[in-house]
Amino acid sequence: MSTALLTRPAARRHAVGFHLVAAVFAIALVFSTLPTPLYGLYQRRDGFAAPVVTVIFAAYAVGVVLGLYFAGHVSDWLGRRRVVAAGVGAELVSAVVFLLWPDVPGLLLARLLCGTGIGVLTATVTAHMGELRAAARPEEHPSRAALAATAVTMGGLALGPVVGGLLADHLRDPLAGSFELFIGLFAVSMAVLALVPETVVRPEIAPGYRPQRVAVPEASRAAFAGAAVQAFVAFAATGLATALAPTVLSAVFGETSRMAGGLVAFSVLGSGAAAQVGLAGLPAGVRARLGRAAMVVALVLMPVSALLVWQPVYWVAGVLSGVGSGLMFKRSVEVVAGIAGAGRKAESLAALFLAAYAGIAAPVLGVGLALVWLPAQAALVVFAAPMMALVWWSSRDLSGRSAVRRG
């Protein structure tokens, strides 16, 4: 679509569409982390162990990977709006399953569906927001749209545990009422999408379908690898907070408040969103280095706080891991959006998010299983050591330094 030829009313519609898509995406992201403080209620009701929570959480990550792999790129020729609608539809079905089948098999299915919807939405919405913003404000640098997309991602994920904690504390039946609320919100979201302009001209003959592939120019593969590793580590840190914060607080610090686990997750995800916005004016290379440094310090403090049973240090580690995650993830999106081939932006972003959500699945599931045999303190050490190695690796010439220099 040529943005230069848009009339003022058309540009205004694209500006409104930008905000509507961001709001719809934010609702889906809030829903995706909403269950964090609710897992304790399910555990007490059904008596399952903490590792079951990580398996349920991993089902979400598997769903995200499936959504990205099979549909994260199809909006490049099917159109952004209809693929966004499909993703929201998956979230709606997930909320219905949560409501009607609240046992462990139902929770697994609901989280799988939720993850699939987020996988469909993530790359599609990021590309759609960039195109809507470019149409509404062609003079604006594309990095502003990338900032908005990543801030919505981190901010939406951050609000989910807080909303879940508030609903858990104030609803008479939060395991039903929480999902009734989001069924309504998703129904409204589906209607709102009709007001959003399409930004992709569908080809007369659609290309043959194939699953997602990593479509990055050969000269940029080192930069992509560095971005992918940083996204992996960033999402592993946030995944640990959203999946296991209540378990760690209870097992290590004796904390029983339902809101506490949600607030830890919020502190991680919220500080990530705040860092993205507050430090946006810094040069990209500086932001990248700050992000990696904050992450390394957090990975040191996290097991230390558990070993010393010092809860304030654990909260500081959470905030620093959020800052690191936010800055590393933002830089990853900037790099991949900048090197994406023509007409393959969603495909390249989907490949990045595959790496990111693999970071949620594998390390968090590994920590959850480690808790079967190890105390929480040792499990955190098992998590932190390889993550620090990956942060170091992503900064090397082979993988990521070329990406940093682009900034």
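Residues numbered from 1 in each chain as written. Predicted model: local features only at pLDDT ≥ 70, side-chain atom pairs only at ≥ 80, totals over all residues. Heavy atoms only, no water.

1. Some remarks on the overall build of the protein
In plain terms, the rule: Each helix corresponds to a stretch of at least 4 residues labelled H or I by DSSP, and each strand to a stretch of at least 2 residues labelled E; elements are numbered beginning at the N terminus. When we talk radius of gyration, it's over C-alpha atoms, and the globule rule is simply 2.2 Å times the number of residues to the 0.38. Only protein chains enter the accessibility calculation, which uses a 1.4 Å probe; a residue is then buried when its area is under 20% of its type maximum, exposed when over 50%, and partly exposed in between. The Shrake-Rupley method, run with a 1.4 Å probe, gives the accessible areas here. Residue values count only the displayed protein chains as cover. Under the counting rule used here, the positive set is Lys and Arg, the negative set is Asp and Glu, and His together with the chain ends is not counted. Lys charges are placed at NZ, Arg charges at CZ, Asp charges at CG and Glu charges at CD.
Each helix and strand in the protein was counted, giving 15 helices and zero strands. Against the 2.2 N^0.38 benchmark of 22 Å for 407 residues, the protein shows a C-alpha radius of gyration of 20 Å, consistent with a compact globule. Taken along its principal axes, the extent of the C-alpha atoms in the protein is 60 × 50 × 35 Å. Looking at the protein as a whole, 56% of its 407 residues qualify as buried. Of the accessible surface of the protein, which amounts to about 15,700 Å², a share of 68% is contributed by carbon and sulfur atoms. A gap of 8 Å separates the mean positions of the 29 positive and 17 negative side-chain charges of the protein.

2. A closer look at the pattern of salt bridges
For clarity, the threshold we go by: Just to be clear on terms, a salt bridge is a Lys or Arg side-chain nitrogen sitting within 4 Å of an Asp or Glu carboxyl oxygen.
On inspection of all chains with the given rule, the structure shows nine salt bridges. A salt bridge links Arg80 to Asp76, with the nearest nitrogen and oxygen atoms 2.8 Å apart. According to the relative accessible area criterion, Asp76 is buried, its value standing at 17%. On the basis of relative accessibility, which here comes to 3%, the residue Arg80 falls in the buried class. A single network of salt bridges, built from pairs that share partners, joins Arg287, Lys330, Arg331 and Glu334.

3. A few points about the confidence of the model for the protein
Counted only if it meets this: pLDDT is a residue-level measure of predictor confidence that goes from 0 to 100. Whether two residues are in contact is decided by their heavy atoms, any of which lying within 4.5 Å being enough.
In the predicted model, the protein carries a mean pLDDT of 85, and the fraction of residues at 70 or more is 91%. Predicted confidence is poor over residues 397-407, with pLDDT under 50, and the contacts of this stretch with residues over four places away or in other chains come to 31 contacts.

4. Things to note about the environment of Ala127
Locating Ala127 in the fold gives a position in helix 6 (residues 104-136). A relative accessible area of 1% places Ala127 in the buried class. Along the chain, Ala127 and Ser75 lie 52 residues apart, while their C-alpha atoms are 9.1 Å from each other.

5. Here's the deal with the side chain of Arg111
Within the element layout of this structure, Arg111 appears in helix 6. Glu91 provides the closest opposite charge to the buried, salt-bridge-free Arg111, at an N-O distance of 6.9 Å. In contact with Arg111, not counting residues within four places along its chain, are Phe31, Ser32, Pro35, Tyr39, Ile56, Phe57, Ala59, Tyr60 and Phe98.

6. Considering the packing of helix 9 (residues 221-253) against helix 11 (residues 284-308)
Note the threshold: The axes are straight lines fitted to the C-alpha atoms, using for helices just the contacting stretch, and the angles between their N-to-C directions are given from 0 to 180°. Put simply, angles under 35 degrees are roughly parallel, angles over 145 are roughly antiparallel, angles from 65 to 115 are roughly perpendicular, and the rest are oblique. What makes a crossing left-handed is the near helix being turned counterclockwise from the far one by less than a right angle; a clockwise turn instead makes it right-handed. Residue classes follow a fixed rule: Ala, Val, Leu, Ile, Met, Phe, Trp, Tyr, Cys and Pro count as nonpolar, while Asp, Glu, Lys and Arg count as charged, and any other residue, Gly among them, counts as polar.
Contact geometry of helix 9 with helix 11 gives a least axis separation of 12 Å together with a crossing angle of 20°. In terms of orientation, helix 9 and helix 11 fall into the roughly parallel class. In this structure, helix 9 meets helix 11 at a crossing whose hand is left-handed. Each of Gln230, Val233, Ala234, Ala237, Leu240, Val252 and Phe253 in helix 9 lies in contact with helix 11, whose residues at this interface are Arg292, Met295, Met302, Ser305 and Ala306. Looking at the contact of helix 9 with helix 11, its residues break down into nine nonpolar, two polar and one charged.

7. Some words on a nonpolar patch on the surface
Operational definition: Nonpolar side chains (Val, Leu, Ile, Met, Phe, Trp, Tyr) within 5 Å and like charges within 9 Å form the patches, drawn only from residues with over 30% relative accessible area and no salt bridge.
A grouping of Val296, Val300, Val304, Leu307, Leu308, Trp310 and Val381 is seen on the molecular surface, where their side chains present a nonpolar patch of about 620 Å² in accessible area. When residues of the nonpolar patch are assigned to their parent elements, the largest contribution, five residues, is made by helix 11. Residue placement: Val304 occurs in helix 11. Using a relative accessible area of 33% as the deciding quantity, one classes Val304 as partly exposed.

8. Thoughts on the packing of helix 7 (residues 143-170) against helix 12 (residues 311-339)
For any two helices packed against each other, one specifies the crossing angle of their axes together with the interaxial distance. Here helix 7 crosses helix 12 at 140°, and the two axes come no closer than 10 Å. What the angle tells us is that helix 7 and helix 12 run oblique. Pair helix 7 / helix 12 crosses with right-handed handedness. Contact residues: Ala146, Leu147, Thr150, Thr153 and Met154 in helix 7; Ser325, Gly326, Phe329, Lys330 and Val333 in helix 12. In the contact of helix 7 with helix 12, the residues fall into five nonpolar, four polar and one charged.

9. Observations concerning helix 11
Short version of the rule: Take the residue count of a helix, subtract one, and multiply by 1.5 Å to get its expected span.
For helix 11, with 25 residues, the first-to-last C-alpha span of 36 Å sits near the 36 Å given by 1.5 Å per residue. Where helix 11 terminates, the next one or two residues include Val309, which has phi positive at roughly 50°.

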